[in-house]
Amino acid sequence: MSAAAVEHPCDPCDGEPPTLLEEANRLMELLPGHRVEIIGGILTVTPSRDSAHARALTRIMRPFMLAGLDGGETEVLQGVGLWLPDGPEDYAIPDMAIVDADIDEHLIRNNCYDPAVFRLVVEVTSSNYRNDLRNKVVAYARAKIPVYVIVDRKHTRVHVLTAPLPDGYDSHEVYAPGQQITLPASIGAEVKLDAAELLKAGQRRTPDEPVTD
């Protein structure tokens, strides 16, 4: 997948030019299955996930669900909109999130919710890895998301960022295959991740490679 900034010239005969949010919604209708976001005032479009990306996302969801985070005080959700404080129309759609169970009461706009109800967000990188590793680090930190996890398929690393600051995170731990990851208990339960398992799931399989769980 790749993410690209989108610009469309406006026809002066059409009256007022569309807002970024209006343009984002138009693109979502034109490109079903794509992810459209506004990060730092820049509109980006990301094609649908490949199978390896989806597989890695499934693998990372399991420990959270086994820890009892999908029910009770929290939920495990995919692709839910997060309204960002960076600009009047900024929003992101993280691959996965741990959110407070009362999220429905915190809708802000355009199917996006108050960042205060997000305890953790996860991104699984594709060819747009720079967006996840740079732009979204700043965006999620400014939104005060407590924990940001990145499954970096490009560099075969898992990043765990905690303690948000105005322009990034105070703590940035990087894990390689073979290392175990213990996430902060502040997300609602003790959750451990296996870096090797997540990164292997995110690699494309060769045609003769056996399928393993």
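One can find the structure itself at the top, above this paragraph.
Summarised in this report is the structure supplied together with it.

### Side note on the overall build of the protein
Stage number 1. Looking only at helices and strands, the protein features four helices and 15 strands.
Stage number 2. Across the 213 residues of the protein, 46% fall into the buried class.
Stage number 3. Of the contacts formed within the protein by residues at least 6 apart in sequence, a portion of 55% connects residues at least 24 apart.
Stage number 4. Accessible surface computed for the protein: about 10,700 Å², of which carbon and sulfur atoms make up 51%.

### Some thoughts on helix α3 (residues 129-142)
Stage number 1. When the terminal C-alpha atoms of α3 are compared, their 19 Å separation across 14 residues agrees well with the 20 Å that a helix rising 1.5 Å per residue should span.
Stage number 2. Of all the bends in α3, the greatest, near 45 degrees, is centred on Lys136.
Stage number 3. Listed as buried for α3 are Tyr129, Asn131, Asp132, Lys136, Val137, Ala139, Tyr140 and Ala141.
Stage number 4. Directly beyond the C-terminal end of α3, a positive phi value near 65 degrees is found at Lys144.

### Some details on the side chain of Asp90
Stage number 1. Position of Asp90 among the secondary structure elements: in the loop between β5 (81-83) and β6 (91-92).
Stage number 2. Of the side chains with opposite charge, Arg142 lies nearest to the buried Asp90, which makes no salt bridge, at 7.4 Å.
Stage number 3. At 2.9 Å, the side chain of Asp90 and the backbone nitrogen of Gly40 are in polar contact.
Stage number 4. A distance of 3.2 Å separates a polar side-chain atom of Asp90 from the backbone nitrogen of Gly41.
Stage number 5. Not counting chain neighbours up to four residues away, the residues in contact with Asp90 comprise Ile38, Ile39, Gly40, Gly41, Trp83 and Leu84.

### Comments concerning helix α1 (residues 20-30)
Stage number 1. Every buried residue of α1 is listed here: Leu21, Glu23, Ala24 and Leu27. Summarising the axial view, the buried residues of α1 lie within an arc of 160 degrees, below the 170-degree limit, and thus occupy one face. In this structure, α1 carries Glu29 and Leu30 as exposed residues pointing more than 90 degrees from its buried face.
Stage number 2. For α1, the elements touching its buried residues are β2 (35-39), β3 (42-46), β5, β6 and β8 (107-109).

### So, the environment of Leu27
Stage number 1. Its place among the elements puts Leu27 in helix α1.
Stage number 2. Residues Leu27 and Val45, spaced 18 residues apart in sequence, show a C-alpha to C-alpha distance of 8.3 Å.

### Notes on the pattern of salt bridges
Between side chains of opposite charge, pairing is possible as soon as their charged atoms come close.
Stage number 1. Counted according to the given criterion, the structure contains 13 salt bridges.
Stage number 2. Between Arg142 and Asp167 there is a salt bridge, with its nearest N and O atoms 2.5 Å apart. Taken together, the residues Arg142 in helix α3 and Asp167 in the loop between β12 (157-165) and β13 (168-175) connect sequence positions 25 residues apart.
Stage number 3. On the basis of relative accessibility, which here comes to 54%, the residue Asp167 falls in the exposed class.

Scoring rules and cut-offs
Residues numbered from 1 in each chain as written. Predicted model: local features only at pLDDT ≥ 70, side-chain atom pairs only at ≥ 80, totals over all residues. Heavy atoms only, no water. Helix = DSSP H or I, 4+ residues; strand = E, 2+ residues; numbered from the N terminus. Buried < 20%, exposed > 50% of the residue type's maximum accessible area, 1.4 Å probe, protein only. Contact = heavy atoms within 4.5 Å. Areas by Shrake-Rupley, 256 points an atom, 1.4 Å probe, with all protein chains shown as cover. Expected span 1.5 Å × (residues − 1). Bend = angle between axes of the 7 residues up to and from the residue. Lys, Arg positive; Asp, Glu negative; His and termini not counted. Salt bridge = Lys/Arg side-chain N within 4 Å of Asp/Glu carboxyl O. Polar contact = N/O pair within 3.5 Å; in protein donor to acceptor, adjacent residues only side chain to side chain. Arc of directions from axis to C-beta.

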